[in-house]
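Understanding the architecture of this molecule
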Amino acid sequence: MSTVKKFLFLNRKAPYGTIYALESLEVVLISAAFEQDVSMAFVDDGVYQLLKGQKTEGIGMKNFSPTYSALGDYDITRLYVEKESLEERGLTVDDLMDLKWEDEDDDWAEKDSIIVVSSAELADIMEQQEVILSF
Amino acid sequence: MAILHIVNKSPYERNNLASCLRLAKAGAGVILIEDGVVAAADGGKFSGMIKDAMKDLKISVLGPDLDARGISRDKVIEGIDVVDYGGFVDLVAEYDCPQSWL
Amino acid sequence: MKFTVQVNEGPYQHQAADTAQQFVRAALEKGHEIYRVFFYHDGVNNGTRLTVPPQDDRHLQKGWTELAEKHGIDLVICIAAAQRRGIMDPDEAKRQGLDADNIAPGFRISGLGQLIEGGIQSDRTIVFGD
């Protein structure tokens, strides 16, 4: 399959209250096998999916946040987080998980997967996409 | 590439429309469907937001969903295009990429 | 044009499945091709043959089955989401040691890759959900 398309996965919901965050992550991981140009966008409550320190024993649900750390190994290295969504919620990038990937084209240098972008920048990124999947 | 934004929730219930309008670029299209059609009715709290957005965006609304909710065509904000499902399909084909605000 | 349609919600609870079905019919009427309809999250519940909705209202599952039978539409239910929610075909039920299956005619259970492949092969991918 030689077609490479730009896929964007749009996440707007907090984790655990609904299954969308978990099941959308499962799609993203599968997409890696198809060697497409995949990125993720976290907007509105979607930013909560990336918050560090999630402890789920009390609610009796599996904590799936460690899975985000695996994305770099699957070549999913661009997690766009909307700045306005963070600020509206009193959050900064320091509240988010420290997600990294290793750039083999740069001597395996460790780089940040989370890219904080303004609304305007995210709008530009969205406009370049060929397939936008929402959950 | 121009996006067709699809909003299916009422702005009184969710922030989908607000977020859509914040992130939609000039030249994009927006179609209001399902409960999202209530935003097309004039005289509501969000009518100003919609009219403002119409300067840069082409806004359409799904007629059958308006009818279902008892919102008559004369209540629809002037300039919003009322389309049927066939028109919805045409819009998806016309724009380069659909984006659902779920 | 070729469309892939993703359905995220089950029948009746949300309008998503209805809108998706109406969209598919309108697209076919316009001469477009529906490459695949992919059911994810609670959308897999569109594929049970055990629903008995009121007689004077639409039967969503039969609507899907008819689209598959009359137009050859590929209705795919995601296996991971189906396992979580109890939508089984005979093979999967046997594999899981379950005493029943419930998949409706015209639907098939497959992997998430089918959604990505649909996105790659289609001109437009559209999602209906909550």
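Residues numbered from 1 in each chain as written. Chains lettered and ligands numbered in written order. Predicted model: local features only at pLDDT ≥ 70, side-chain atom pairs only at ≥ 80, totals over all residues.

Grouped together as the largest cluster of nonpolar side chains are 101 residues, with contacts concentrated most on Leu-32 of chain B together with Val-5 of chain C. The element contributing the most residues to this core is helix H1 (residues 16-29) of chain C, with six residues. Among residues more than four places away in sequence, those in contact with Val-5 of chain C are Ala-20, Phe-23, Val-24, Ile-34, Val-37, Ile-126 and Phe-128 of chain C. (Core = buried A, V, L, I, M, F, W, Y, C linked by C-beta atoms within 7 Å. Buried ≥ 20, exposed ≤ 12 C-beta atoms within 10 Å, placed from the backbone. Helix = DSSP H or I, 4+ residues; strand = E, 2+ residues; numbered from the N terminus. Contact = placed C-beta atoms within 7 Å.)

This part covers the packing of H1 of chain C against helix H2 (residues 60-71) of chain C. Residue and element names in this part refer to chain C. The interhelical angle for the contact between H1 and H2, taken along N-to-C directions, is 25°, at an axis separation of 10 Å. For the element pair H1 / H2, the angle class is roughly parallel. Regarding H1 and H2, the two cross each other, and that crossing is left-handed. Facing Ala-17, Asp-18, Gln-21, Val-24 and Leu-28 of H1, the residues of H2 in contact are Leu-60, Gly-63, Trp-64, Leu-67 and His-71. (Axes fitted to C-alpha atoms, helices over the stretch in contact; angles between N-to-C directions. Parallel < 35°, antiparallel > 145°, perpendicular 65-115°, else oblique. Left-handed = near helix turned anticlockwise from the far one by under 90°.)

Moving on, we come to the confidence of the model for chain C. Should the pLDDT be low somewhere, the predicted coordinates at that spot are not to be read in detail. In this model, chain C carries an average pLDDT of 98, and 100% of its residues clear a pLDDT of 70 or more. Scored as a complex, the prediction yields pTM 0.98 and ipTM 0.97. (pLDDT = per-residue confidence, 0-100.)

Turning our eyes to something else, we now look at unusual backbone geometry. All names here are of chain A. Even without a glycine there, the phi angle at Glu-35 is positive, about 50°. Assignment of secondary structure puts Glu-35 in the loop between helix H1 (20-31) and strand S2 (37-42). The phi angle at Asp-44 is positive, at roughly 55°, despite the residue not being glycine.

Before going further, it helps to spend a moment on the sheet that holds strand S6 (residues 114-117) of chain A. Residues and elements named next belong to chain A. Taken in spatial order, the five strands line up as S6-S3-S2-S1-S7 in an open sheet, and their pairing is parallel. If you trace the sheet from one side to the other, it starts and ends with S6 and strand S7 (131-134), each paired once. Neighbouring strand axes in the sheet, compared pairwise and without regard to direction, differ in orientation by 25° on average. Where strand S1 (residues 6-11) meets S2, six bridges bridge the pair, whose relative direction is parallel. The residue of S2 that forms the bridge with Lys-6 is Asp-37. Across the sheet, H1 is in contact with S1, S2 and S7; its angle to S1 comes to roughly 165°. With respect to the sheet, helix H4 (residues 119-127) is in contact with S1, S2, strand S3 (79-82), S6 and S7, its orientation differing from that of S3 by roughly 140°. (Pairing = 2+ DSSP bridges.)

Across the boundary between the two partners, chain C contributes 15 residues, which contact 18 residues of chain A. For the side of chain C that touches chain A, the secondary structure elements donating two or more residues are helix H3 (79-85), helix H5 (113-121) and strand S5 (124-128) of chain C. Of the residues assigned to the side of chain C that touches chain A, the class counts are eight nonpolar, seven polar and no charged. (Nonpolar A, V, L, I, M, F, W, Y, C, P; charged D, E, K, R; others polar.)

Listed per partner, the contact involves 13 residues of chain B and 14 residues of chain A. Put simply, the parts of the chain that give the side of chain B that touches chain A at least two residues each are helix H1 (16-23) and strand S5 (97-101) of chain B. Looking at the side of chain B that touches chain A, the element that brings in the most residues is S5 of chain B, giving four residues.

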